[in-house]
Amino acid sequence: MKKGVMRPGHVQIRVLDLDEAVAHYTDLVGLTEVDRDDQGRVYLKAWTEVDKFSVVLREDDTPGMDYMGFKCLDEATLDTLRGALIEYGCTIDDIPAGELNDCGRRVRFTAPSGHNFELFATKKQLGTSVGNHNPEAWPRDLKGMKAQRFDHCLLYGVELEKTLNLFRDVLGFDLVEQVMTPDGKRVAQFLTVSMKAHDIAFIDHPEPGKFHHASFYLETWDDVLRAGDLLSMTDTSIDIGPTRHGITHGQTIYFFDPSGNRNEVFCGGDYFYPDHEPITWDAEKLGKAIFYHDRELNERFLTVLT
């Protein structure tokens, strides 16, 4: 049952060198810088996104993800979900409006996986780069990979079952796909709060709170191939691809930002309705599930985390 969470809203990523990171996410990935704040953070958005920002970069000594935020329908919904999180047993941190520029109050909590998440309902809207009145097909000044939106994160951590219960029972997410061991343990789960193949995903890992990647959506397979060309042109470190996923069936390429945070750009992918049964992959087929063509996982994908 839907609880009023609409979509991924933003991710705050720690980077080692802010100037290098800004160049990577703007010139290569194709996001637009929209703001900076008195903490030194940089705010970015993709061209189809209506909200002011979806990616926040913060310079730090270690890379990784600070938190991922989800946007709720309205302030009343945010109050309802705040109460539901407390009732469920989550410790709440109320972040005041304005702590992120032009973003309303946020309700932050830690999932059993060890990751920090937050809910919010209000954020200034700049609109898309082509507007909403007789819009053109795309803006002519796009850079790099021309990312269309921040799409999802994949996170590695502990307590997948408890994390699923929290996202499903309290926040209204659906389980779309899963990877199961022969003894019935779920070692990967892909969750959505929309029609998308996933809005957040988790893989079982002995260390809590690890960041695997932030993903950005492209329009076509040709765009994914072009992204691969751009990665070679800029000597950017590539993890794997271009290739296809078995899970979600999206077409993808993985690479690293200058700080070692993994990015993905992808296109396509399955769709979901609430009456769909979860798709199950056997753990012995995990290689094919993740990389459909190679049919095996490379070592970096399993071990390089921030």
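As shown above, the structure is provided for reference.
So, here's what we can say about the structure. (Residues numbered from 1 in each chain as written. Predicted model: local features only at pLDDT ≥ 70, side-chain atom pairs only at ≥ 80, totals over all residues. Heavy atoms only, no water.)

A few words on the side chain of asparagine 165. Positionally, asparagine 165 belongs in helix 3 (residues 160-170). Reaching out from asparagine 165, the side chain makes a polar contact with the side chain of arginine 168 at a distance of 2.8 Å. (Helix = DSSP H or I, 4+ residues; strand = E, 2+ residues; numbered from the N terminus. Polar contact = N/O pair within 3.5 Å; in protein donor to acceptor, adjacent residues only side chain to side chain.)

This part is about the layout of surface pockets. In this structure, the largest pocket occupies an estimated 300 Å³ of space. Around the largest pocket, the lining is made up of 17 residues, and of these Arg7, Pro8, Glu49, Arg149 and Phe150 lie nearest the centre. For the lining of the largest pocket, the secondary-structure elements that each account for two or more residues are strand 1 (5-15) and strand 9 (149-157). Here the lining of the largest pocket takes four residues from strand 1, the largest share from any one element. When the residues that make up the lining of the largest pocket are grouped by side-chain class, the tally is six nonpolar, five polar and six charged. (1 Å grid on protein atoms, 1.4 Å probe; cavity = no way out; pocket = protein on both sides within 12 Å on 5 of 7 lines; lining within 4 Å. Points joined across faces, edges and corners; volume = space filled by probe spheres on them. Nonpolar A, V, L, I, M, F, W, Y, C, P; charged D, E, K, R; others polar.)

Our next topic: the packing of aromatic side chains. Under the definition given, this model contains 13 aromatic pairs. Ring centres of phenylalanine 70 and phenylalanine 173 lie 5.3 Å apart, and the angle between their planes is 85°; this geometry places the pair in the edge-to-face category. On the criterion of sequence distance, the pair formed by phenylalanine 70 in strand 5 (residues 64-72) and phenylalanine 173 in the loop between helix 3 and strand 10 (174-180) is long-range, its members being 103 residues apart. For the residue pair phenylalanine 70 and phenylalanine 173, the accessibility class agrees, reading buried in each case. Ring geometry for tyrosine 271 versus tyrosine 273: centroids 5.8 Å apart, planes at 75°, classification edge-to-face. Of the residues examined, tyrosine 271 reaches a relative accessible area of 56% and is grouped as exposed. Since its relative accessible area comes to 39%, tyrosine 273 is described here as partly exposed. Here the aromatic cluster, defined as three or more aromatic residues joined through ring pairs, consists of Phe70, Phe109, Phe117, Phe167, Phe173 and Phe202. A cation over an aromatic ring shows up here: lysine 123 above the ring of phenylalanine 53, its NZ or CZ 3.9 Å from the ring centre. (Phe/Tyr/Trp six-rings, centres within 6.5 Å; stacked < 30°, edge-to-face > 60°. Buried < 20%, exposed > 50% of the residue type's maximum accessible area, 1.4 Å probe, protein only. Lys NZ or Arg CZ within 6 Å of the ring centre and 35° of its normal.)

This part takes up empty space enclosed by the protein. One pass over the structure, following the stated rule, counts one cavity of 30 Å³ or more. What the largest cavity holds in volume is close to 130 Å³. Within the residue set of the lining of the largest cavity, elements represented by two or more residues are strand 9, strand 12 (200-204) and strand 16 (262-268). Per-class residue counts for the lining of the largest cavity are nine nonpolar, five polar and one charged.

Any functional reading would require information that these geometric values do not contain.
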